[in-house]
Amino acid sequence: MTLIVEDGTGVADADSYVTLGEARVIAANYGLNLPVDDVEAEVELRKGYLGLNANEPELQGYRTYTQQTGIFPRSEVYKNCELVDSTAIPQSIKMAQLYQSDAYSNGVDANGVDNGQEISEFNVQG
């Protein structure tokens with residue numbers, strides 16, 4: 001199934017910020033892993049798109065459209081003291097989706113928390 005790309009207009013049921021072609025160019029330019037098979041690559045891109053939603057509480061502003069499925073477009077977002085267009089999908093968000101997808105492709109939980117603590121032993125009796 002082809003990706004439904006959010007273009008800044010609040011596309012209903014969007015599942016990516018980039019097309020597959022765009023993703024392949026970005027991945028190649030930055031040495032990121034994206035499956036060769038198009039269907040598998042699209043699945044990883046969808047995971048990356050949805051994975052970004054976990055970061056929403058840290059973001060400025062609010063979603064521009066009620067029907068949008070992702071964290072962008074956003075209203076009331078400032079970058080370098082300038083108001084960002086509320087219908088824009090910043091390049092950094094596209095990159096974040098690709099990095100998130102790359103992490104999933106490599107079996108890494110991109111949203112996992114490592115506090116440096118590990119359980120060395122676990123014992124239940126009775």
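Residues numbered from 1 in each chain as written. Predicted model: local features only at pLDDT ≥ 70, side-chain atom pairs only at ≥ 80, totals over all residues. Heavy atoms only, no water.

**Here we look at the pattern of salt bridges**
Point 1. Scanning all chains against the criterion turns up seven salt bridges.
Point 2. Aspartate 38 is the salt-bridge partner of arginine 24, the closest N and O atoms lying 2.9 Å from each other. Note that arginine 24 is positioned in helix 1 (residues 20-30) and aspartate 38 in helix 2 (residues 38-51), a separation of 14 residues in sequence.
Point 3. The closest approach of N and O atoms between glutamate 56 and arginine 74, which form a salt bridge, is 2.9 Å. With glutamate 56 in the loop between helix 2 and strand 1 (62-63) and arginine 74 in strand 2 (residues 74-75), this residue pair connects regions lying 18 residues apart in the sequence.
Point 4. The network of salt bridges with shared partners includes Asp15, Glu42 and Arg46. (Salt bridge = Lys/Arg side-chain N within 4 Å of Asp/Glu carboxyl O. Helix = DSSP H or I, 4+ residues; strand = E, 2+ residues; numbered from the N terminus.)

**Things to note about the confidence of the model for the protein**
Point 1. Scored by pLDDT, the protein comes out at a mean of 90, with 87% of its residues at no less than 70.
Point 2. The spread of mean pLDDT over the elements of the protein runs between helix 3 (residues 91-105), the lowest at 93, and strand 2, the highest at 97. (pLDDT = per-residue confidence, 0-100.)

**Details of the layout of surface pockets**
Point 1. In this structure, the largest pocket spans a volume of roughly 190 Å³.
Point 2. Forming the walls of the largest pocket are Leu59, Gln60, Phe72, Val77, Tyr78, Lys79, Val84, Pro90 and Ser92.
Point 3. Along the lines of polarity and charge, the residues of the lining of the largest pocket split into six nonpolar, two polar and one charged. (1 Å grid on protein atoms, 1.4 Å probe; cavity = no way out; pocket = protein on both sides within 12 Å on 5 of 7 lines; lining within 4 Å. Points joined across faces, edges and corners; volume = space filled by probe spheres on them. Nonpolar A, V, L, I, M, F, W, Y, C, P; charged D, E, K, R; others polar.)

**Digging into unusual backbone geometry**
Point 1. In this structure, proline 73 follows phenylalanine 72 across a cis peptide bond, with omega equal to 10°.
Point 2. Its place among the elements puts proline 73 in the loop between strand 1 and strand 2.
Point 3. Phi is positive for aspartate 13, close to 65°, though the residue is something other than glycine.
Point 4. Along the chain, aspartate 13 turns up in the segment before helix 1.
Point 5. One non-glycine residue, cysteine 81, adopts positive backbone phi at about 65°.
Point 6. For cysteine 81, the location among the structural elements is in the loop between strand 3 (78-79) and strand 4 (82-83).

**What about the packing of aromatic side chains?**
In this description, a pair of aromatic rings is defined by centroid distance and the angle of the planes.
Point 1. Counted under the stated rule, the structure contains one aromatic pair.
Point 2. Consider the rings of tyrosine 17 and tyrosine 49, whose centres lie 4.7 Å apart with planes at 50°: the pair is tilted. Separated by 32 residues along the polypeptide, tyrosine 17 in the segment before helix 1 and tyrosine 49 in helix 2 bring together distant segments of the chain. One exposure class covers both tyrosine 17 and tyrosine 49, and it is buried. (Phe/Tyr/Trp six-rings, centres within 6.5 Å; stacked < 30°, edge-to-face > 60°. Buried < 20%, exposed > 50% of the residue type's maximum accessible area, 1.4 Å probe, protein only.)

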